[in-house]
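If you want the building blocks of each chain, they are given just below.
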Amino acid sequence: DPRNARFNPSPLGGIESLLTGQMGVVMRNELSSGYSVRGGNFDENLVYVNDIEVYRPFLVRAGQQEGLSFPNPDMIERIQFSAGGFEAKYGDKMSSVLDIHYKRPTSFAGTAMASLLGGSVQLESAMLKKRLRQNTGFRYRTNQLLLGGGDTKGEYRPVYTDLQTYWTYDLKDNVEVGFLGLYSQNRTTEFGPFNQALQFTVYFDGQEKTAFDTYFGALNVNVHSGKDLLLKFQSSAYRTTETERFTIQGQYRLG
């Protein structure tokens with residue numbers, strides 16, 4: 001049930017924490033949305049939304065820089081997860097499949113959430129005699145308050161934003177057109193952490209900035225031809241810009 005993600009003690013609030021109970025699933029750390037299945041790499045997990053394969057562009061070295069996970073829990077109707085032995089339609093050479101189905105609303109509804117770590121807004125509606133449906137969600141997240149309470153003192157400014165929308169329209173009773181759009185921005189800035197242990201003193205100064213801007217769009221057409229035949233046509237495109245900039249200066253004193 002995707003609604004259970006709201007009650008998980010996860011700093012990022014993603015649905016990936018629901019997968020830890022599955023056999024062979026290991027999370028990277030509590031600040032990361034990455035997970036490993038049966039010893040595979042963290043980038044060997046397929047993600048599908050309404051039969052559309054989602055491109056996930058980055059997996060940075062440090063967990064706090066990964067940003068929000070792709071699935072928006074407020075927009076999800078149901079989730080299916082397979083840790084192996086999945087159908088051939090998902091492809092091969094991967095460790096797992098996370099198959100997500102976003103809601104197909106029949107009336108107007110919405111959710112909103114706000115906390116010290118961010119907030120989210122989700123709206124769904126059905127228009128034109130329920131032939132046109134939309135499901136849109138916006139998320140804002142910052143772990144600055146959480147990271148500032150660690151043993152290593154520093155100034156952290158992680159900011160993550162995510163906007164997703166899913167539209168469907170019935171051209172005919174047996175023909176449906178759908179559109180999935182995503183804009184994601186993940187930025188992290190760290191200033192001069194400082195650490196002191198016993199009589200060995202280490203000073204680190206510097207700054208690190210990472211920025212990831214991702215645009216993703218997909219268009220699909222589903223045609224019901226006859227009682228037992230369903231034809232699906234899909235097309236998708238993405239554009240991503242990834243930058244990492246950092247400077248490091250260190251001083252050591254042994255007393």
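Nothing here was measured: the structure is a model prediction, and the numbers come from that model.

Trainee: If you had to explain the overall build of the chain to someone new, which residues and values would you point to?
Mentor: For the chain, the helix and strand inventory stands at 1 helix and 14 strands. Looking at the chain as a whole, 41% of its 255 residues are labelled buried. Contacts in the chain between residues far apart in sequence, at least 24 positions, make up 60% of those at least 6 positions apart. With the model as given, the accessible surface of the chain reaches about 14500 Å², and the carbon-plus-sulfur share is 54%.

Trainee: Can you break down the packing of aromatic side chains residue by residue, with the values?
Mentor: Here a ring pair, both rings aromatic, is described through the centre-centre distance and the interplanar angle of the planes. Applying the stated criterion to the full structure yields 4 aromatic pairs. With a centroid separation of 5.2 Å and 70° between ring planes, the pair formed by Tyr-48 and Tyr-90 is classed as edge-to-face. Of this pair, Tyr-48 sits in strand S3 (residues 45-49) while Tyr-90 sits in the loop between strand S5 (76-82) and strand S6 (96-102), placing them 42 residues apart in sequence. Tyr-90 sits in the buried class, given a relative accessible area of 9%. Their ring planes at 80° and their centres at 6.3 Å tell us that Phe-86 and Tyr-90 sit as a pair that is edge-to-face. Accessibility classification places Phe-86 together with Tyr-90 in one group, the buried group.

Trainee: Go over the environment of Met-75, please, and point to the residues and values.
Mentor: Counting through the fold element by element, Met-75 comes out in the loop between strand S4 (52-53) and S5. A C-alpha to C-alpha distance of 6.7 Å links Met-75 and Gly-137, two positions 62 residues apart in sequence. If sequence neighbours within four positions are ignored, Met-75 has contacts with Tyr-102, Lys-103, Gln-122, Asn-135, Thr-136, Gly-137, Gln-164, Thr-165 and Tyr-166.

Trainee: Now, about the pattern of salt bridges: what can you tell me, with residues and values included?
Mentor: Applying the stated criterion to the full structure yields 6 salt bridges. Asp-170 serves as the salt-bridge partner of Arg-133, at 3.0 Å between the closest nitrogen and oxygen. Of this pair, Arg-133 sits in strand S9 (residues 132-142) while Asp-170 sits in strand S11 (residues 159-172), and the two are 37 residues apart along the sequence. Note on accessibility: Arg-133 and Asp-170 belong to one class, buried. A salt bridge links Glu-176 to Arg-133; its shortest N-O distance comes to 3.3 Å.

Trainee: Let's hear about the sheet that holds S4: which residues, and what values?
Mentor: Pairing between sheet strands relies on hydrogen bonds along the backbone, with the strands arranged either parallel or antiparallel. Pairing within the open sheet is mixed, and its 4 strands lie in the order S4-S3-S6-S5. A strand with exactly one partner marks an edge of an open sheet, and here the two such strands are S4 and S5. Alignment of S3 against S6, held across 5 bridges, turns out to be parallel. Along S6, the bridge assignment pairs Tyr-48 with Asp-99.

Conventions adopted
- Residues numbered from 1 in each chain as written.
- Predicted model: local features only at pLDDT ≥ 70, side-chain atom pairs only at ≥ 80, totals over all residues.
- Heavy atoms only, no water.
- Helix = DSSP H or I, 4+ residues; strand = E, 2+ residues; numbered from the N terminus.
- Buried < 20%, exposed > 50% of the residue type's maximum accessible area, 1.4 Å probe, protein only.
- Contact = heavy atoms within 4.5 Å.
- Areas by Shrake-Rupley, 256 points an atom, 1.4 Å probe, with all protein chains shown as cover.
- Phe/Tyr/Trp six-rings, centres within 6.5 Å; stacked < 30°, edge-to-face > 60°.
- Salt bridge = Lys/Arg side-chain N within 4 Å of Asp/Glu carboxyl O.
- Pairing = 2+ DSSP bridges.

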